[in-house]
Amino acid sequence: MTDEPRSETALQSLESNVRSYPISFPAVFSRARGSIMLTADGRKIIDFLSGAGALNYGHNNHQIRAAITEYLASDAVVHGLDLATPAKLEFMETFNAVILRERGLRYRFQFTGPTGANAIEAALKLSRKVTGRQNIISFTNGFHGMSLGASAVTARRNYRAACGVPLSGATFVPYDGFLGPAVDTAEYLSTLLSDDSSGIDAPAAILVETVQGEGGINVARKEWLQSIQAIAKSVGALFIVDDIQMGCGRTGDFFSFEFAGISPDIVVMSKSLSGYGVPLSMLLIKEEHDAWRPGEHTGTFRGNNLALVSATAAINIYWRSCTFAAGVRQMGEAMRSRLDVIASKRGHHFSVRGRGMALGFDCQAAEIAEATARKAFQKGLMIERCGPNNQVIKFLPALTIDLETLNQGLDIFELSLAETLDGSSSDLVGRSSSVGST
Ligand SMILES: *Cc1c(COP(=O)(O)O)cnc(C)c1O
């Protein structure tokens with residue numbers, strides 16, 4: 001690998017217009033370690049995006065890397081379709097013992113194709129097969145991936161429109177808080193589903209994120225999640241938690257739903273599951289719902305062995321004691337209190353929300369979020385935006401970040417926000433003072 005700077009514009013003329021992150025982060029990234037990425041022209045970038053949640057243990061985590069380099073060097077099976085290998089058995093046994101049994105959970109493992117979207121497809125197919133029903137209840141601002149089935153349960157209009165065919169088989173209902181704090185949307189859903197004249201087909205599944213990542217770091221309350229699980233049970237639907245982005249420790253527990261004391265029928269996992277940024281996706285399925293016949297959801301890259309090896313290493317390194325999770329909660333609180341201070345200094349327009357180390361800073365106005373993130377990148381911090389209008393700045397640092405780097409990143413954010421609000425563009429200052437009145 002050379003670090004010779006190459007022109008981004010040359011790369012841009014080769015790659016499709018579909019690219020997205022390079023527009024927000026115009027640089028060529030050549031190396032990365034922990035929470036720091038290096039660009040080909042020698043800049044150091046603090047990473048608060050973490051591969052959209054795929055790098056909870058940081059870039060090129062050397063402890064995890066040791067396991068996969070050893071595996072590669074030993075000529076063990078790397079690609080084996082879904083054949084049995086020691087790597088797969090060890091992963092399932094370790095996950096079962098360290099993660100599931102410790103939490104009183106029992107699931108079967110289904111390894112799907114490597115993307116989160118493929119695992120979502122499998123979860124939807126399975127719940128339709130189990131119940132003989134078609135409809136999936138999904139939520140406003142929900143995000144579940146870009147294949148057709150996953151797009152059908154994804155709320156955002158531009159993603160849906162890009163599919164070019166009618167998307168069907170889903171009914172969208174308001175997420176917790178969508179109609180304001182006074183409306184209990186679980187009660188609303190319960191009323192809809194228990195009335196045969198509500199116009200809503202009986203659901204095969206209710207599919208939910210406990211914190212909506214792409215949707216704007218919207219946090220569901222514990223009581224709401226408990227109600228949704230109870231509703232699913234009472235109407236004979238499967239209760240599916242999409243833990244692709246919020247799982248693997250992001251919210252301060254291994255699973256994002258633990259705090260609510262619920263046990264989903266299906267849990268969908270991907271992103272940080274492999275621990276190393278290599279693709280790995282799976283479903284955890286309650287045994288009574290494992291209605292698959294052999295080969296009904298296949299894929300060439302199911303449970304890639306290299307990813308299973310790094311996933312096992314990540315569990316062994318970080319999840320055998322509860323100190324890692326406690327550290328995530330503590331670091332999350334440190335982040336949150338700093339963001340709260342930054343928000344309150346700036347008046348009532350801004351708000352902070354999230355759980356654990358998944359936090360959102362709601363700027364209310366897309367222009368403010370965009371300008372702040374752009375300035376931050378110029379100063380050496382990668383932060384992405386989310387929410388229906390891209391008005392929320394999303395903080396997803398690696399769970400392994402040290403306090404000093406975290407604070408450096410937050411300093412850059414604070415400065416970038418200040419420059420956006422007070423600084424150069426009178427246009428933006430004008431807009432910021434009218435925030436909240438729209
Ligand atoms: C990223 C994500 C997906 C889709 O995963 P891909 O690997 O991009 O297909 C699905 N659900 C949630 C909550 C996600 O964050």
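The rules behind these values
Residues numbered from 1 in each chain as written. Predicted model: local features only at pLDDT ≥ 70, side-chain atom pairs only at ≥ 80, totals over all residues. Heavy atoms only, no water. Helix = DSSP H or I, 4+ residues; strand = E, 2+ residues; numbered from the N terminus. Expected span 1.5 Å × (residues − 1). Buried < 20%, exposed > 50% of the residue type's maximum accessible area, 1.4 Å probe, protein only. Contact = heavy atoms within 4.5 Å. Polar contact = N/O pair within 3.5 Å; in protein donor to acceptor, adjacent residues only side chain to side chain. Phe/Tyr/Trp six-rings, centres within 6.5 Å; stacked < 30°, edge-to-face > 60°. Near = heavy atom within 4 Å. Nonpolar A, V, L, I, M, F, W, Y, C, P; charged D, E, K, R; others polar. Domains from an automatic or database assignment. Buried area = accessible area lost by both parts, 1.4 Å probe. Salt bridge = Lys/Arg side-chain N within 4 Å of Asp/Glu carboxyl O. Pairing = 2+ DSSP bridges. Axes fitted to C-alpha atoms, helices over the stretch in contact; angles between N-to-C directions. Parallel < 35°, antiparallel > 145°, perpendicular 65-115°, else oblique. Left-handed = near helix turned anticlockwise from the far one by under 90°.

(A) Fine view of helix H11 (residues 305-318). Helix length check: H11 (14 residues) gives 20 Å between terminal C-alpha atoms against 20 Å at 1.5 Å per residue, within 8%. In terms of burial, H11 is a largely internal element, 12 of the 14 residues being buried. In this fold, the buried residues of H11 make contact with helix H4 (62-73), helix H5 (86-100), strand E4 (108-111) and helix H12 (323-345). Two or three places before Leu306, at the opening of H11, Asn304 has a side-chain oxygen 3.1 Å from that residue's backbone nitrogen.

(B) Molecular detail of the packing of aromatic side chains. By the definition in use, this model includes 24 aromatic pairs. Plain terms: the ring middles of Phe109 and Phe111 are 6.2 Å apart, the flat faces sit at 15° to each other, and that makes the pair stacked. Phe111 matches Phe109 in its accessibility class, with the two residues each being buried. Judged by centre distance (5.1 Å) and plane angle (90°), the rings of Phe254 and Trp319 are edge-to-face. With Phe254 in the loop between strand E10 (238-242) and strand E11 (266-269) and Trp319 in the loop between H11 and H12, the pair connects residues that are 65 residues apart, well separated along the chain.

(C) A look at the site of the ligand. In the region of the ligand, the neighbouring residues are Thr115, Gly116, Ala117, Phe143, His144, Gly145, Glu209, Asp242, Ile244, Gln245 and Lys271. Gly116 has a polar backbone atom sitting 2.8 Å from an oxygen atom of the ligand. Residues that form the shell around the ligand fall into these classes: 3 nonpolar, 5 polar and 3 charged.

(D) Quick peek at the side chain of Thr85. By secondary structure assignment, the location of Thr85 is in the loop between H4 and H5. Of note is the side chain of Thr85, whose polar atom sits 3.1 Å from the backbone nitrogen of Lys88. When residues no more than four places from it in sequence are discounted, the contact partners of Thr85 are Val77 and Asn305.

(E) Highlighting the domain arrangement of the protein. Once the domains are mapped, the protein shows domain 1 (4-61 + 322-429) and domain 2 (76-318). With centres defined by C-alpha atoms, the gap from domain 1 to domain 2 works out at 26 Å. Between domain 1 and domain 2, the contact holds 32 residues from the first and 30 residues from the second. Summed over both partners, the interface of domain 1 with domain 2 comes to about 2,600 Å²; 49% of that surface belongs to carbon and sulfur atoms. Counting across the domain 1 and domain 2 interface gives 2 salt bridges. Where domain 1 packs against domain 2, one counts 21 residue pairs in polar contact (both at pLDDT 80 or more). Sort the elements by how many residues they give to the side of domain 1 that touches domain 2 and H12 lands first, with 4 residues. Considering only residue class, the side of domain 1 that touches domain 2 consists of 17 nonpolar, 11 polar and 4 charged.

(F) Main features of the sheet that holds E4. Taking strand neighbours across the sheet as the criterion, the 7 strands line up as E4-E12-E11-E10-E7-E5-E6 in an open arrangement whose pairing is mixed. Where the open sheet ends on each side, the last strands, each with one partner, are E4 and strand E6 (170-173). Across the sheet, the mean angle from the axis of one strand to that of its neighbour is 25°, orientation sign disregarded. Two elements, E10 and E11, share 3 bridges in a ladder whose sense is parallel. When the sheet's bridge partners are listed, Ile240 is paired in E11 with Ile266.

(G) View of the packing of H5 against H11. Where H5 meets H11, the closest approach of the two axes is 9 Å, and the angle between their N-to-C directions is 30°. Here H5 is positioned roughly parallel relative to H11, judged by the angle of their axes. In the crossing of H5 with H11, the sense of the turn from one axis to the other is left-handed. Taking contact as the criterion, the partners of Ala87, Lys88, Glu90, Phe91, Thr94, Phe95, Val98 and Ile99 in H5 are, on H11, Asn305, Leu308, Val309, Ala311, Thr312, Ile315 and Asn316. Here the residues of the contact of H5 with H11 are counted per class, giving 9 nonpolar, 4 polar and 2 charged.

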